[in-house]
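Okay, here's what each chain looks like letter by letter:
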Amino acid sequence: MSQENIMTINNVTKMFGGIRALNKVNVEVKKGEILGLIGPNGSGKTTLFNVISGFYPATEGTIEFKGENITNLSPHKIARKGIGRTFQIVRPFGDMTVIDNVLVSGLFSGKMGVKQCRDILKTTRLIEREGDLAEMLNLAEKRRLEIARALALSPEILLLDETMAGLTHTEVDESLKMISGIRNEFGLTIILVEHVMRAIMAVSERILVLSEGTKIAEGSPKEVSENEQVLTAYLGRRV
Ligand SMILES: Nc1ncnc2c1ncn2[C@@H]1O[C@H](COP(=O)(O)OP(=O)(O)O)[C@@H](O)[C@H]1O
Ligand SMILES: [Mg+2]
């Protein structure tokens, strides 16, 4: 991990009517890091991904990617600039084969041929299922296919939203290995939202904690897990 920033989230607020889903959030994302994003349910994690990737406009604040202001560009433009994401709810095209799912996604980037797509399927351990219909995959495989589809856009930053939810202990461990592998192999920067605490603590170099839309802590997994305010947020008590 270098100390160079790849993305700066600057004072971002997101209102939904009267709900302050994000409250003046500031984050410097370092190139090549795995940054964990945690917080209780409803704390704004998915909203932050939606604002970064252009699905929701920010109410206030800016997002800079490689020195360029990308705030409120369309999701399509942001994806093309190199920010890929998965969705909390899996949504591959069920009636297409695994390889076609990745190829279709890659078409939009214009950089992916069959060979590159097959390399992605190797990395995400789906190569043996390349000819099967996506709807035949089990949950763990569908989640890996979501990641494969995001990788087909050759992103520089990958936003992963709860890609381990509902997986078994063994599947979580395999997923962790895969995520580190992706970072190392493709030199990506990864921001990871995950409820499986053991998993996010194991794989992230830094952790950011949201509570009710506000950043309440940032630091190493150890620092964050010993932080009083973080423990309080998770226990649901008032500070
Ligand atoms: N599209 C939306 N419309 C209205 N409120 C929303 C919308 N998306 C999220 N919210 C609200 O914003 C807050 C943060 O939600 P979310 O970002 O999904 O939390 P998390 O991913 O941390 O569980 C919640 O109060 C949620 O109800
Ligand atoms: Mg969420």
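Worth saying up front: this structure is predicted, and the values here are computed from it rather than measured. (Residues numbered from 1 in each chain as written. Chains lettered and ligands numbered in written order. Predicted model: local features only at pLDDT ≥ 70, side-chain atom pairs only at ≥ 80, totals over all residues. Heavy atoms only, no water.)

**Some words on the sheet that holds strand β5 (residues 68-69)**
This is how it is decided: Strands are labelled as partners when DSSP assigns at least two bridges between them. In this description a helix means any DSSP run of H or I spanning at least four residues, a strand means any run of E spanning at least two, and both kinds are numbered starting from the N terminus.
Read across the open sheet, the four strands follow the order β2-β1-β4-β5; overall the sheet is antiparallel. Lying at the two open borders of the sheet, with one neighbouring strand each, are β2 (19-30) and β5. Pairing analysis gives eight bridges linking strand β1 (residues 5-16) to β2, with the strands arranged antiparallel. Across the sheet, V12 pairs through a bridge with V25, a residue of β2.

**Here we look at the site of ligand 1**
Rules: It suffices for a single heavy atom of a residue to lie within 4 Å of a molecule or strand for the residue to be listed as near it. Two N or O atoms form a polar contact when they lie within 3.5 Å of each other; inside protein one atom must be a possible hydrogen donor and the other a possible acceptor, and for residues adjacent in sequence the pair counts only when both atoms belong to side chains.
Residues in close proximity to ligand 1 include F16, I19, A21, P40, N41, G42, S43, G44, K45, T46, T47 and Y56, which together make up its full environment. One nitrogen or oxygen atom from the side chain of K45 is found 2.8 Å from an oxygen atom belonging to ligand 1. T46 places a side-chain nitrogen or oxygen 2.9 Å from an oxygen atom of ligand 1. Of all the secondary-structure elements, those providing two or more residues to the shell around ligand 1 are β2 and α1 (45-52). Ranked by residues supplied to the shell around ligand 1, first place goes to α1 with three residues.

**Topic: the nonpolar core**
This is how the line gets drawn: Among buried residues, the Ala, Val, Leu, Ile, Met, Phe, Trp, Tyr and Cys ones that are joined through side-chain atoms within 4.5 Å form a nonpolar core. Partly exposed describes any residue whose relative accessible area lies between the buried limit of under 20% and the exposed limit of over 50%, with all areas from a 1.4 Å probe on protein chains only and scaled to the type maximum. Throughout, a residue-residue contact means that at least one pair of heavy atoms, one from each residue, lies within 4.5 Å.
Grouped together as the largest cluster of nonpolar side chains are 42 residues, with contacts concentrated most on L158 and I190. By residue number, the principal contributor to this core is helix α5 (residues 139-151), which donates six residues. Leaving out residues up to four positions away in the same chain, I190 has contacts with E33, I34, L35, L158, L160, I179, I182 and R183. Membership of the second largest hydrophobic core comes to 26 residues, among which are I6, V12, L37 and I70.

**Details of the domain arrangement of the protein chain**
Our working definition: In this document the domain limits rely on a domain assignment from an automatic tool or a database. Simply put, the buried area is the total loss of 1.4 Å probe accessible area from both parts when two parts are fitted together. Here a salt bridge means any side-chain nitrogen of Lys or Arg lying within 4 Å of a carboxyl oxygen belonging to Asp or Glu. Residues are sorted three ways: Asp, Glu, Lys and Arg are charged, Ala, Val, Leu, Ile, Met, Phe, Trp, Tyr, Cys and Pro are nonpolar, and all the rest, Gly among them, are polar.
Here the protein chain is described as being made up of domain 1 (1-82 + 155-239) and domain 2 (89-154). Taken over C-alpha atoms, the centre of domain 1 sits 23 Å from the centre of domain 2. Counting residues at the interface gives 18 residues for domain 1 and 14 residues for domain 2. Approximately 1,400 Å² of surface area, both sides summed, lies buried where domain 1 meets domain 2, with 68% of it carried by carbon and sulfur atoms. The tally of links between domain 1 and domain 2 comes to one salt bridge. Salt-bridge contacts for E174 lead to R125; the nearest nitrogen and oxygen are separated by 3.6 Å. At the junction of domain 1 with domain 2, the criterion picks out three residue pairs in polar contact (both at pLDDT 80 or more). For the side of domain 1 that touches domain 2, the element with the highest residue contribution is helix α6 (residues 169-186), accounting for six residues. When the residues that make up the side of domain 1 that touches domain 2 are grouped by side-chain class, the tally is ten nonpolar, two polar and six charged.

**Quick word on the packing of α5 against α6**
To keep things clear, this is the line we draw: Here the axes come from fitting lines to C-alpha atoms, over the contacting stretch only for helices, and the angles between their N-to-C directions go from 0 to 180 degrees. Roughly parallel refers to an angle under 35 degrees, roughly antiparallel to one over 145, roughly perpendicular to one between 65 and 115, and oblique to any angle outside these ranges.
It is the contact of α5 with α6, at a shortest axis distance of 12 Å, that shows an interaxial angle of 10°. In terms of their interaxial angle, α5 and α6 are classed as roughly parallel. Here α5 contributes A140, R144, I147 and L151 to the contact with α6, which in turn contributes E171, M178, I182 and F186. Residue composition of the contact of α5 with α6, by class: six nonpolar, no polar and two charged.

**Quick notes on the side chain of S105**
Mapped onto the elements of the fold, S105 is located in helix α3 (residues 98-107). Relative accessible area serves as the criterion here: at 8%, S105 is assigned to the buried category. Beyond its immediate sequence surroundings of up to four residues, S105 is in contact with R149, A152 and L153.

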